[in-house]
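# Analysis of the macromolecular model
One-letter residues, chain by chain:
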Amino acid sequence: MTAVVSAPPSAEPAVAGPRRRRRRYTGWAFAAPFTVLFLVFALLPVVASLVMSVTDMRATDLRTPFAVNFVGLDNYTRLFSDDLFVRSAVNTLVFVVVGVPLTIVAAMAAANGLNSGLIRFRTMFRVGFYLPVVTSIVAIAVIWRFLLDPEAGLVNNLLAQIGITGPNWLGDTRTSLASIIVMAAWRNFGSLMVIFLAALQGIPNDLYEAARLDGAGRWAQFRRITLPLMRPALLFGAVITGIGYLQLFEEPLVMTQGGPLSSTLSVSYHIYNQFGFGNYGYAAAASYVLFVAIVALSVLQFRLLGNRDD
Amino acid sequence: MTRDRIARTSLYVILVAGLLVVVGPFLWMLLSSFKTEAEIRSVPPTWWPSTWSLANYRDLFDRLDFPQYFANSAIVAVLVTLGNLLFCSLLGYALAKLDFPGRRALFLTVLGMLMVPGMVTFVPQFVLVSNMGLANSYAGLVLPFLAGPFGVFLMRQFLLAIPDDLIEAARVDGAGEWRIFWRVVLPLCKPALATLGILTFLSSWNNFLWPLVVATTDDKYTLPVALALYAIGQNRIYYGLLLAGAVVVVVPVLIVFLALQRHFMRGIATTGLK
């Protein structure tokens, strides 16, 4: 109070001080409801998972989660000598390495086709391509199991008309993972397409006109203008698709139950099974390995696809 | 000019072929759900049902308690959506427009959560919910999804673009912070709230793993859980019944999506997440 009277120049901070302090409490008051829920149901589980991964916690400890033994890195070392885990890691890697580019190519093709300015009914195409994204995976699995049924399925009957005997897509170890990959690309390319369309619409038309005047064909325009300017969108698409695909789970769960002979068992599915067997500590360790893989893949993609100029 | 025409025609052919590949399976599902089981299994398959039959849908409602599953899905999705709209806009506003200690750290923590695979939180969440006595309850189905990081990100990005002057003006007029939020901020956020609402409703409606584990009795099953439990591990698959079930799961979403597809597209294009 005295400061205000004796030193007029500092009057402003003296007024702003309490107001800023009040604003502080206001900020936390607005943030609190979300933060409390987030702490309890997201952050606590993330930390708990890390702690569980160095214990021998099992389903029988469900009611007494603190009465478990510390086992150090045992769960982690066991993981890498677990044939099923290694198998699931290889399957997941194949799924990502093949599935991500496939999805991106399909999305790029659709986005460029719709953006070419030649097409009417753009909304119809866009909505159609996006339809699988909004559909429950369970419903999609029902549809695809029916499509891929070796006898009654549409796919093999169409193949039969051109004289090819289709395989038992989901029941044969040689085609099961490939079927899941194609199905995932089919299901997910629509959301990338929308992102790519937005990016394409941000490219100034003058660039294409100038290129056309210079005699550049469609392919040259695509390579020299579209691709370089789409790089941020492509990087973004690759990262979010990679993060999603590394967590492959629902597709094999509802389509193949991980079979035949573990040919479609993914890391997340393996974790889910370990949870089902009651091996909570072991499942938590595997989930942290997956977490590390996701961070590593994201960093790698930023390195590979990120700005090369600097 | 003829070159242009060729380009245009081939583009249409490719796009229409693509559309058939994507939408065709849905049409086949819809048409086949009205066929008899015998016709569904006939070789070669038919497109158009030779006799239209509602038997699959009747079976669905006779054998399984589908109205109950439908209601459960709706209750959970509505609660999760309302929660996210409220909590995410509150925090999004605080992060975008209010200055408080720990703001940046809080935002980065919430954002970082987007990278954490669901399997990391899955087991501890189950232990937590079980020990809270919430297994097989609506609370157990809803609580872990009430505060999603995606919504915070979306609301914050949207609010950053709103000029401070509007909020300052209300403050100068003597409006309290709470009143400013309800009367000034939220009405401005309608487009973002619409996008967030639709996307949250949808992901909750389609959510599968958590209700599969938490809902242990018939009266708490959501639609996808009921359909999956019926589909998985059946030796003899009754496609007719499953397809009819799939139609019941898909159609409500389809209607919402077609009616509001603009909001979807904007939400995905601005945040890049679904």
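Residues numbered from 1 in each chain as written. Chains lettered and ligands numbered in written order. Predicted model: local features only at pLDDT ≥ 70, side-chain atom pairs only at ≥ 80, totals over all residues. Heavy atoms only, no water.

### Some remarks on the overall build of chain B
We count it as follows: Helix and strand definitions here come from DSSP, where helices need a minimum of 4 consecutive H or I residues and strands a minimum of 2 consecutive E residues; each element is numbered from the N-terminal end. Only C-alpha atoms enter the radius of gyration; for comparison, a globular chain is expected to reach 2.2 Å times N to the power 0.38, where N is the number of residues. The contact definition used throughout considers only heavy atoms, calling two residues in contact when any of these lie within 4.5 Å. Note on areas: Shrake-Rupley, 1.4 Å probe, and residue coverage restricted to the protein chains presented here. The positive count covers Lys and Arg only, the negative count covers Asp and Glu only, and His and the chain ends enter neither. Charged groups are reduced to one reference atom each: NZ for lysine, CZ for arginine, CG for aspartic acid, CD for glutamic acid.
In terms of regular secondary structure, chain B is built from 14 helices and 0 strands. Element order for chain B, N to C, with α for helix and β for strand: α-α-α-α-α-α-α-α-α-α-α-α-α-α. In terms of C-alpha radius of gyration, chain B reaches 23 Å, well past the compact-globule figure of 19 Å for 274 residues. If you line up chain B on its principal axes, its C-alpha atoms span 75 × 70 × 30 Å. Considering only residue pairs separated by 6 or more positions, chain B has 71% of its internal contacts joining residues 24 or more positions apart. Split by element, the accessible area of chain B, about 12200 Å² in all, is 66% carbon and sulfur. Looking at chain B, you have 20 positive and 14 negative side-chain charges, and the mean spots of the two groups are 8 Å apart.

### A few points about the packing of aromatic side chains
This is how the line gets drawn: Aromatic rings from Phe, Tyr and Trp, taking only the six-membered ring of Trp, are treated as a pair when their centres fall within 6.5 Å; an angle between ring planes under 30 degrees marks them as stacked, one over 60 as edge-to-face, and anything in between as tilted. Throughout this description, buried means an accessible area under 20% of the type-specific maximum (1.4 Å probe, protein chains only), exposed means over 50%, and partly exposed covers the range between. Only Lys NZ and Arg CZ are tested; either one counts as a charge over a ring when it is within 6 Å of the ring centre and within 35 degrees of the ring normal.
Within this structure, the stated rule accounts for 38 aromatic pairs over all chains. Taking the centre distance of 4.3 Å and the plane angle of 5 degrees together, the rings of F146(A) and W28(B) count as stacked. Separated into two different chains, F146(A) in helix α6 (residues 137–147) and W28(B) in helix α1 (residues 2–32) make up a pair that spans both. Taken as a pair, F146(A) and W28(B) share a single burial class, namely buried. Geometrically, the ring pair formed by F61(B) and F66(B) is edge-to-face, given 6.1 Å between the ring centres and 65 degrees between the ring planes. On the basis of relative accessibility, which here comes to 40%, the residue F61(B) falls in the partly exposed class. Aromatic rings pair up to connect F249(A), Y269(A), Y272(A), F275(A), Y280(A), F122(B), F126(B), F145(B) and W210(B) into one cluster. Here R156(B) stacks its cationic end above the ring of F107(B), 3.9 Å away from the centre of that ring. Positioned above the aromatic ring of Y138(B), the side-chain terminus of K220(B) is 5.3 Å from the ring centre.

### Side note on the packing of helix α4 (residues 83–115) of chain A against helix α10 (residues 218–246) of chain A
Think of two packed helices as two axes; the pair is described by the angle between the axes and how far apart they sit. All names here are of chain A. The cut-off we apply is this: Here an axis means a line fitted to C-alpha atoms, over the contact stretch when the element is a helix, while the angle between two N-to-C directions is reported on a 0 to 180 degree scale. Angular relationships are summarised with four words: roughly parallel below 35 degrees, roughly antiparallel beyond 145, roughly perpendicular across 65 to 115, and oblique for the angles in between. In this scheme the crossing of two helices becomes right-handed for a clockwise turn of the near helix relative to the far one and left-handed for an anticlockwise turn of less than a right angle. Throughout, the ten residues Ala, Val, Leu, Ile, Met, Phe, Trp, Tyr, Cys and Pro are labelled nonpolar, Asp, Glu, Lys and Arg are labelled charged, and all others, Gly among them, are labelled polar.
One way to put it is that α4 packs onto α10 with a least axis distance of 10 Å and a crossing angle of 140 degrees. With respect to their mutual orientation, α4 and α10 come out oblique. For the crossing formed where α4 meets α10, the hand is right-handed. Between α4, through T92, F95, V96, G99, V100, T103, I104, M108 and N112, and α10, the contact on the second element is made entirely by F222, T226, L227, M230, L234, G237, A238, T241, G242, Y245 and L246. For the contact of α4 with α10, the class distribution of residues is 12 nonpolar, 8 polar and no charged.

### Focus: the interface of chain A and chain B
Size of an interface, as often reported, equals the accessible area lost when the parts are brought together. Rules: What makes a salt bridge here is a side-chain nitrogen of Lys or Arg within 4 Å of a carboxyl oxygen of Asp or Glu, nothing more. Pairing of N or O atoms within 3.5 Å defines a polar contact, subject to two protein rules: one partner must be a possible hydrogen donor and the other a possible acceptor, and residues neighboring in sequence count only if both atoms are side-chain atoms.
Counting residues at the interface gives 92 residues for chain A, matched by 98 residues for chain B. The tally of links between chain A and chain B comes to 0 salt bridges. On inspection of chain A and its partner chain B, the count reaches 11 residue pairs in polar contact (both at pLDDT 80 or more). If one sorts the elements of the side of chain A that touches chain B by residue count, helix α2 (residues 11–52) of chain A sits on top with 24 residues. For the side of chain A that touches chain B, the residue count by class is 61 nonpolar, 19 polar and 12 charged.

### Considering the nonpolar core
Rules: Each nonpolar core is a collection of buried residues, namely Ala, Val, Leu, Ile, Met, Phe, Trp, Tyr and Cys, held together in the definition by side-chain atoms within 4.5 Å.
Counting 187 residues, the largest nonpolar core has F129(A), F196(A) and Y272(A) as its most contacted members. Setting aside anything within four residues of it in sequence, one finds F196(A) in contact with I104(A), A107(A), M108(A), A111(A), M230(A), A233(A) and L234(A).

### As for the side chain of R156(B)
Residue and element names in this part refer to chain B. Inspection of the secondary structure assignment puts R156 in helix α8 (residues 149–160). Despite being buried, R156 has no salt bridge partner; D99 is the closest side chain of opposite charge, sitting 11 Å away. Here the side chain of R156 touches Q157 through a polar contact of 2.8 Å, side chain to side chain. Those residues in contact with R156 that sit more than four places away from it in its chain are G92, L95, A96 and F107.

### With respect to the UniProt feature "transmembrane region" (unreviewed entry) in chain A
Residues and elements named next belong to chain A. What counts here: UniProt positions are given in the numbering used here, feature names are shortened, and annotations may be inferred rather than shown by experiment.
The sites that carry the UniProt feature "transmembrane region" (unreviewed entry) are, in the present numbering, residues 28–52, 93–115, 127–147, 177–200, 229–248 and 280–300. Its end C-alpha atoms 22 Å apart, residues 127–147 is made of 71% helix and 0% strand. Secondary structure over residues 229–248 splits into 90% helix and 0% strand, and the C-alpha atoms at its two ends are 30 Å apart.

### Some details on α1(B)
An α-helix turns once per 3.6 residues; consequently, residues spaced three or four apart project the same way. Residue and element names in this part refer to chain B. To keep it simple, the criterion reads: The span expected for a helix works out to 1.5 Å for each residue beyond the first. Fitting axes to the seven residues ending at a residue and to the seven starting there, one defines the bend at that residue as the angle between these axes.
Between its terminal C-alpha atoms α1 stretches 42 Å, which fits the 45 Å expected from 31 residues at 1.5 Å a residue. Of all the bends found along α1, the most pronounced is centred on V23 and spans about 40 degrees, while P25, a proline, follows it within four residues. Looking at α1, one finds that the buried residues are L11, L15, L19, V22, G24, P25, F26, W28, M29, L31 and S32.

### Remarks on unusual backbone geometry
Of note in this structure, Q257(A) is not a glycine but carries a positive phi near 50 degrees. Structurally, Q257(A) can be placed in the loop between α11 (250–255) and α12 (267–276). Assessed through its relative accessible area of 35%, Q257(A) is described here as partly exposed. Positive phi, close to 55 degrees, is recorded for N136(B), a residue that is not glycine. Checked against the element boundaries, N136(B) lands in the loop between α6 (118–131) and α7 (138–142).

### Notes on α12(A)
Of all the 10 residues making up α12(A), 8 are buried; the element is thus mostly covered by neighbouring parts of the structure. Within the sequence span of α12(A), burial applies to V267(A), S268(A), Y269(A), H270(A), I271(A), Y272(A), Q274(A) and F275(A). Packed against the buried residues of α12(A) are α4, α11 and α13 (280–305) of chain A together with α6 and α12 (209–214) of chain B.

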